[in-house]
Amino acid sequence: MHPIALTLGIVMLTLARLSAADAVAVKDLPPLVVEALRKALPAGKPLSATSEALNDYVHYVVRVSDGEMLRDVRLNENGQIESMREVRE
């Protein structure tokens, strides 16, 4: 096999591993994540979630319905909110 093709294959596998997010049942979210969501969006209802392991930390993206608005909230495993954005569907 050509060295460039081998290197390209390794890079592609690494990127796929780094960007892969796994679905998580809302009921299985860690308590710190649930509590942070409850504090930030008291009227919000978590609809779906994904988790992603990056650099030995687990990050969660939770889609929350807050009245008539949908938000994607990114949190780390300690319940710290990293970002929140409005989602339009």
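Placed above this text is the structure.
Residues numbered from 1 in each chain as written. Predicted model: local features only at pLDDT ≥ 70, side-chain atom pairs only at ≥ 80, totals over all residues. Heavy atoms only, no water.

> Where do I start with the overall build of the chain in this structure?
Within the chain, the secondary structure is distributed over two helices and five strands. In the chain, the succession of helices and strands from N to C terminus is α-β-α-β-β-β-β. When the 89 residues of the chain are sorted by exposure, 25% land in the buried category. The long-range fraction of contacts in the chain, counting pairs at least 24 apart against all pairs at least 6 apart in sequence, stands at 33%. (Helix = DSSP H or I, 4+ residues; strand = E, 2+ residues; numbered from the N terminus. Buried < 20%, exposed > 50% of the residue type's maximum accessible area, 1.4 Å probe, protein only. Contact = heavy atoms within 4.5 Å.)

> Explain the sheet that holds strand β4 (residues 69–76) to me, please; I cannot follow it from the model alone.
In sheet architecture, strand pairing relies on hydrogen bonds along the backbone and comes in two forms, parallel and antiparallel. Strand order in the open sheet made by the five strands is β1-β2-β3-β4-β5, with antiparallel pairing throughout. Sheet topology places β1 (22–24) and β5 (81–87) at the edges, where each strand pairs with a single neighbour. Across the sheet, the mean angle separating the axes of adjacent strands is 25° when strand polarity is ignored. Pairing of strand β3 (residues 57–66) with β4 involves eight bridges; the strand directions are antiparallel. Within β4, the residue paired with arginine 63 across the bridge is aspartate 72. Of the strands in this sheet, β2 (45–54), β3, β4 and β5 touch helix α2 (residues 31–40), which is tilted by about 135° from β4. (Pairing = 2+ DSSP bridges. Axes fitted to C-alpha atoms, helices over the stretch in contact; angles between N-to-C directions.)

> Sorry if this is basic, but what is going on with α2 here?
For α2, every residue scored as buried is listed here: Val33, Ala36 and Leu37. The arc that holds every buried residue of α2, seen down its axis, measures 100°, which confines them to one face. Seen from the open side of α2, the exposed residues pointing more than 90 degrees away from its buried face are Pro31 and Lys39. (Arc of directions from axis to C-beta.)

> Can you help me understand the nonpolar core in this one?
Here is a general trend for soluble globular proteins: nonpolar side chains tend to be buried in one another's company. Within the largest apolar cluster, twelve residues are counted, these being Val24, Leu29, Val33, Ala36, Leu37, Leu41, Ala49, Tyr60, Val62, Val64, Val73 and Leu75. Put simply, the parts of the chain that give this core at least two residues each are α2, β3 and β4. Not counting residues within four places of it along the chain, the set of residues in contact with leucine 37 comprises Pro42, Pro46, Val62, Val64, Val73 and Leu75. (Core = buried A, V, L, I, M, F, W, Y, C linked by side-chain atoms within 4.5 Å.)

> Whenever I open this one, the pairing of β3 confuses me. Can you help?
Within a regular strand, side chains alternate between the sheet's two faces. Pairing analysis gives nine bridges linking β2 to β3, with the strands arranged antiparallel. Counted as the bridge partner of threonine 50 is valine 61 from β3. Hairpin connection between β2 and β3: a loop of two residues separates the two successive antiparallel strands, and asparagine 55 in this loop has a positive phi of roughly 50°. In this structure, the hairpin formed by β3 and β4 is closed by a connection of two residues, where glycine 67 is found at a positive phi of approximately 75°.

> It is not clear to me how the environment of glycine 67 should be interpreted in this structure. Could you clarify?
With respect to the helices, strands and loops of the structure, glycine 67 is situated in the loop between β3 and β4. Owing to a relative accessible area of 59%, glycine 67 belongs among the exposed residues under this scheme. Measuring from C-alpha to C-alpha, the distance between glycine 67 and lysine 45 comes to 8.7 Å, with 22 residues separating the pair along the chain.

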